[in-house]
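# Observations on chain architecture
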There are 2 protein chains.
Amino acid sequence: MYLGCKVPKFVTPAEAEVHQHWTVETEGRLQLHMESFFKVKKPEEVLSLLDQFGPCGEEELPLDQVFNRVLSRDMVSPEDLPGFVRSTMDGYAVRAKDTFGASEGLPALFAVVGEIKMGENPTGGVGQGQAMRISTGGMLPDGADGVVMVEYCHSLDAETIEVSSAISPLENVIQPGDDIKKGSLVLPKGHRLRPQDLGVLAGLGFGRIPVFRQPTVAIISTGDEIVSVGADLGIGQVRDINRYTLGAFCRANGAIPEFKGICPDSFERLRSLVEEGLEKADAIWLSGGSSVGTRDLTLAVFETFDDFELLVHGISISPGKPTIIARSGGKPLVGLPGHVASALIVAEVFMAPLLARLSGAKETGGIHERHLEARLSRNIESKSGREDYIRVRLRREGGEWLADPIYGKSGLISPLVEGHGMVKVGVNTEGLYEGDPVDVFLFR
Amino acid sequence: MYLGCKVPKFVTPAEAEVHQHWTVETEGRLQLHMESFFKVKKPEEVLSLLDQFGPCGEEELPLDQVFNRVLSRDMVSPEDLPGFVRSTMDGYAVRAKDTFGASEGLPALFAVVGEIKMGENPTGGVGQGQAMRISTGGMLPDGADGVVMVEYCHSLDAETIEVSSAISPLENVIQPGDDIKKGSLVLPKGHRLRPQDLGVLAGLGFGRIPVFRQPTVAIISTGDEIVSVGADLGIGQVRDINRYTLGAFCRANGAIPEFKGICPDSFERLRSLVEEGLEKADAIWLSGGSSVGTRDLTLAVFETFDDFELLVHGISISPGKPTIIARSGGKPLVGLPGHVASALIVAEVFMAPLLARLSGAKETGGIHERHLEARLSRNIESKSGREDYIRVRLRREGGEWLADPIYGKSGLISPLVEGHGMVKVGVNTEGLYEGDPVDVFLFR
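Quick notes on the rules
Residues numbered from 1 in each chain as written. Chains lettered and ligands numbered in written order. Predicted model: local features only at pLDDT ≥ 70, side-chain atom pairs only at ≥ 80, totals over all residues. Heavy atoms only, no water. Helix = DSSP H or I, 4+ residues; strand = E, 2+ residues; numbered from the N terminus. Buried < 20%, exposed > 50% of the residue type's maximum accessible area, 1.4 Å probe, protein only. Contact = heavy atoms within 4.5 Å. Domains from an automatic or database assignment. Buried area = accessible area lost by both parts, 1.4 Å probe. Salt bridge = Lys/Arg side-chain N within 4 Å of Asp/Glu carboxyl O. Nonpolar A, V, L, I, M, F, W, Y, C, P; charged D, E, K, R; others polar. Pairing = 2+ DSSP bridges. Axes fitted to C-alpha atoms, helices over the stretch in contact; angles between N-to-C directions. Parallel < 35°, antiparallel > 145°, perpendicular 65-115°, else oblique. Left-handed = near helix turned anticlockwise from the far one by under 90°. Phe/Tyr/Trp six-rings, centres within 6.5 Å; stacked < 30°, edge-to-face > 60°. Lys NZ or Arg CZ within 6 Å of the ring centre and 35° of its normal. Least-squares fit on C-alpha atoms with pLDDT ≥ 70 in both. Polar contact = N/O pair within 3.5 Å; in protein donor to acceptor, adjacent residues only side chain to side chain.

## Quick look at the overall build of chain A
If you tally the helices and strands in chain A, you get nine helices and 28 strands. Counting the 444 residues in chain A, one finds 57% classified as buried. For chain A, the share of sequence-separated contacts (at least 6 apart) that also reach a separation of at least 24 residues comes to 73%.

## Overview of the domain arrangement of chain A
Residues and elements named next belong to chain A. Along its sequence, chain A is organised into domain 1 (13–56 + 213–366), domain 2 (58–81 + 190–212), domain 3 (86–174) and domain 4 (370–442). Counting residues at the interface gives ten residues for domain 1, matched by eight residues for domain 2. Between domain 1 and domain 2, roughly 730 Å² of surface is buried when both sides are summed, and carbon and sulfur atoms account for 49% of that area. Of all residues in domain 1, R213, Q214 and E363 bury the most surface against domain 2, accounting for 48% of the area lost on that side. Connecting domain 1 to domain 2 are one salt bridge. The residue E363 makes a salt bridge to R192 at a minimum N-O spacing of 2.7 Å. Here the side of domain 1 that touches domain 2 is composed, by residue class, of two nonpolar, five polar and three charged.

## Some words on the pattern of salt bridges
On inspection of all chains with the given rule, the structure shows 36 salt bridges over all chains. Among the ionic contacts, a cluster of salt bridges with common partners joins R395, E397 and D404 of chain A.

## Quick look at the sheet that holds strand β18 (residues 309–313) of chain A
Residue and element names in this part refer to chain A. If you trace the six strands from one edge of the open sheet to the other, you get β16-β13-β17-β21-β20-β18, paired in mixed fashion. Since the sheet does not close on itself, it has two edges, and those belong to β16 (256–263) and β18, each with one partner. For this sheet, the mean angle separating the axes of adjacent strands, direction not counted, is 20°. Strand direction decides the pairing type here: strand β13 (residues 216–222) and β16, joined by seven bridges, are parallel. Each residue of the ladder has a partner; that of T216, found in β16, is I256. Across the sheet, helix α8 (residues 340–358) is in contact with β13, β17 (283–287), β20 (324–328) and β21 (331–336); its angle to β21 comes to roughly 170°.

## Some thoughts on the packing of helix α5 (residues 242–252) of chain A against α8 of chain A
Residue and element names in this part refer to chain A. In the contact formed by α5 and α8, the axes pass within 11 Å of each other and the chain directions differ by 25°. In terms of orientation, α5 and α8 fall into the roughly parallel class. In the crossing of α5 with α8, the sense of the turn from one axis to the other is right-handed. Residues N242, T245, L246, F249 and C250 of α5 form the contact with α8, whose participating residues are V340, A343, L344, A347, E348, M351, A352 and L355. The residue makeup of the contact of α5 with α8, split by class, is ten nonpolar, two polar and one charged.

## Brief notes about the packing of aromatic side chains
All names here are of chain A. Under the criterion given, the structure shown has two aromatic pairs over all chains. An angle of 45° between the planes, with centres 6.4 Å apart, marks the rings of F249 and W285 as tilted. Residue F249 is located in helix α5, and its partner W285 is located in strand β17; the two are separated by 36 residues in the primary sequence. For F249, a relative accessible area of 0% gives the class buried. W285 gets classed as buried once you look at its relative accessible area, which sits at 0%. Against the face of F305 rests R271, its NZ or CZ located 4.3 Å from the ring centre.

## Examining the environment of G399 of chain B
Looking at the secondary structure, you find G399 of chain B in the loop between β24 (387–397) and β25 (400–405). Residues G399 of chain B and F305 of chain B, 94 residues apart in the sequence, show an inter-C-alpha distance of 55 Å.

## Some thoughts on the relation of the copies chain A and chain B
The relation between the two copies of this chain is a rotation about an axis and a shift parallel to it. Once turned by 180° and shifted 0.0 Å along the axis, chain A lies on chain B with an RMSD of 0.1 Å. When the rotation and shift are considered jointly, the pair of chain copies conforms to a two-fold rotation axis. No C-alpha of chain A lies nearer the rotation axis than that of L372 of chain A, which sits 3.6 Å from it. Most of the interface of chain A is mirrored in chain B: 100% of its interface residues are interface residues there too.

## Overview of the pairing of strand β5 (residues 108–115) of chain B
All names here are of chain B. Both β5 and strand β9 (residues 160–163) contribute to a ladder of four bridges, which runs antiparallel. Along β9, the bridge assignment pairs L109 with E162. Bridge analysis of β5 against strand β6 (residues 130–134) gives four bridges, and the strand direction is parallel. Looking across to β6, one finds that E115 is bridged to R133.

## Some points on the environment of L344 of chain A
Along the chain, L344 of chain A falls in helix α8. For L344 of chain A and L246 of chain A, which are 98 residues apart along the polypeptide, the C-alpha to C-alpha distance reads 7.3 Å. Contact partners of L344 of chain A, with chain neighbours within four places excluded, come to T245, F249 and L416 of chain A together with P195 and Q196 of chain B.

## Concerning the side chain of S359 of chain A
Residues and elements named next belong to chain A. Relative to the helices and strands, S359 is located in the loop between α8 and β22 (371–376). One polar contact links the side chain of S359 to the main-chain carbonyl oxygen of L355, over a distance of 2.6 Å. Excluding residues within four positions of it along the chain, S359 makes contact with P55, V70, R192, F212, P215 and N253.

## A word on the interface of chain A and chain B
Each partner contributes residues to the interface: chain A has 94 residues there, and chain B has 94 residues. In this assembly, chain A packs against chain B so that about 8,100 Å² is buried in total across both faces, 59% of it on carbon and sulfur atoms. Put simply, chain A and chain B have six salt bridges between them. Connecting chain A to chain B are 16 residue pairs in polar contact (both at pLDDT 80 or more). Here the side of chain A that touches chain B gets eight residues from one element, more than from any other, and that element is helix α4 (residues 195–203) of chain A.

## With respect to the sheet that holds strand β7 (residues 146–149) of chain B
Residues and elements named next belong to chain B. In spatial order, the strands read β7-β4-β6-β5-β9-β8; together these six strands make up an open sheet with mixed pairing. Each edge of the sheet is formed by a strand with only one pairing partner; in this case those strands are β7 and β8 (153–157). Each neighbouring strand pair of the sheet contributes to a mean axis angle of 40°, computed without reference to strand direction.

## What about unusual backbone geometry?
Cis geometry is found at the peptide bond from L81 of chain A to P82 of chain A, where omega equals -5°. Tracing the backbone shows P82 of chain A in the loop between β2 (75–76) and β3 (86–87). Of note, the phi angle at L170 of chain B is positive, near 70°, even though the residue is not glycine. Mapped onto the secondary structure, L170 of chain B falls in the loop between β9 and β10 (173–174). Look at N172 of chain B: it is not a glycine, yet its phi comes out positive at around 60°. Overall, N172 of chain B belongs to the buried group, its relative accessible area being 14%.

## A short note on the packing of α4 of chain A against helix α5 (residues 242–252) of chain B
Interaxial distance between α4 of chain A and α5 of chain B falls to 7 Å at its minimum, and their mutual angle equals 160°. As judged from the angle between their axes, α4 of chain A and α5 of chain B are roughly antiparallel. Where α4 of chain A crosses over α5 of chain B, the handedness of that crossing is right-handed. Facing P195, Q196, L198, G199 and A202 of chain A of α4 of chain A, the residues of α5 of chain B in contact are Y244, T245, A248 and F249 of chain B. Grouping the constituent residues of the contact of α4 of chain A with α5 of chain B by class yields six nonpolar, three polar and no charged.

Shown next, in the form of structure tokens:
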């Protein structure tokens, strides 16, 4: 609608005020502003435009603070892991060849000459027909080249065991470098660190880890009708929802939200908030009030900043069409739709990938990274020429997932809470049929 | 092995020391200790035993601090949402009946009598043949009962429009309570808050939110061979891996890890660390050194605490069998296997559910909550009588996911990093075949 062709041609007082601002203040950028109306992009174009944004810098942190952070360098092993020959079982360290031929019926006898203490260099070694008790993780003594599992050992007295099964050389042991070789790439730059990754880094002695800085996002809610959650609600007013939804969305994607405030539809006040945000934050997310005037205001304000470049003015998706993505001083300036349902879908589809790029993460952040195969329980109608995102509920039936489309008037919040995810109806499709297999992109 | 039947019957010096401790210090709990050897449980028994643990208390926090936290009360709407009749489109508010019969060929004429300002009580109303300009989210003026979308309006002059399509009463508007009705349950107790949930709570004016306290977990790494990550590595020593892996695992599951230190295999020192942990933390996770002596030590220490009750001593899964779960003063005391691979699998299968219960979360925390359907690329062998968890890598081929089992000697860390998830081979199965459909439980 916003960018449709039958927009009334008259200018409202609110718009006139905006126009006056940017025509006066932006010195002849009118032409640019007009061209912007032709910047409606397809989703895949938008995603590839986001590739121009990169990580926000590096820092080095203690290992216990880097869970879920993104490596800023390749981590190369400084040593072999394990560093010594280790037993992988509880049992007895022996010379493998002394067990050859041993069986239940004809066990081999060994003299127990000691026990390997954990964390100590074994004293003495193992000679022919000798054994030393060893625990999982223990270091093999000199002479031994394998471990007989405790299940196959029977102690006759404190100094003698019977072994009822033969082992091969190196059986039940790992050798230096078997796990990770010195000089090998352990984890690549751009990898987001999981619990097990921290374990491997700990095992190799990395106490401080180079990671990309977490991007900060300045969040501004605009609109004359918006009041803060704690305020008394006047007639025609609504509470600021996007601050919380977008803030949590940032956190869920490894970014740090910084709420700059609620801004009425005023050029000066919006410009000063954006300016303040740009001083510190790595990105600006402005979520537009719903009025037509506000939308023009967003772009008019963005245009006044250095190196302004408009990348996207409208995306051929529904909901979420009236989205603006621009760039100033290398930082993304984003104008999101005012309604939380549209804003959140644009966030899932485009802002998660943006945050992934600002975080230096290898993952694309795309919605396809979190999905599930299901079958549609009902037909979905859709307009050709745009991607439609339909919220669905999931239920399990007959060993497969069924996706129930959630209908309802636009402008509702409750379907967001009821839904488990969404189904995309492609640009060149007029709808999907009951029983069609679909990929459900899961909400967190 | 640990709980097997052919364990050598002699007692090592380390074990003798432990035995001496608990026979002296625990006054006749020997019987209990011996019975514990019969507590090997099936996975489903272990999960149902965890049901006895519950949330750790409540707190009330500002809305912007409750992302990913768990509601401790049902949230019931204190008001209708929206609170007034709102437009869901940009267009003109009119009396629907005045548009009846309007079409492209025969448009209806309306006098524009004003514009609805966002966030303001409309001044004046709409009478017969009159229209007021309105934006999405605007409040309908008196007299109007629907909105004509801007696409179907053509302005003839500043005071007149042509409407080329009829609307029904209430078209393109939402009425009070259409989204959420006053008194309805918005989000239930036990729900973990997502970005969209924060949005709904904001929309309803909830500024402070009752949530369950995040459980704290005291983490202790035991074993004479364990040294801290920063220390010089002596012969036979290994670095403390579990501290980091289990700590991050806690964070990933909404809990707060508190590292209490590395403990050598000493009864007194371990007891004092556990005691210290129990004073503040909601749970104790001790990850055992690998030696047989250490394992007995864990149980001997646990037994000395008030109301000690042994719930699980060994689980019929692989890896992860030598796991201890006990209870003292209502808090869980857990002894996890020493090797990080086993510890992490036990954490995924049992500790995530434990943390879910301590968090008061409705979700079970079970691994089935994060899985993907795939086909096995190779046979997997398994022993009947236990659940086997096999790590797999995933790859996409011919429109489906293939799961490649990752083999390698036990005791390696690298397969944890290479794997995307794991496949369960059930208790009564001797293996799985190439081509079998499997559920892959995804690592984070």
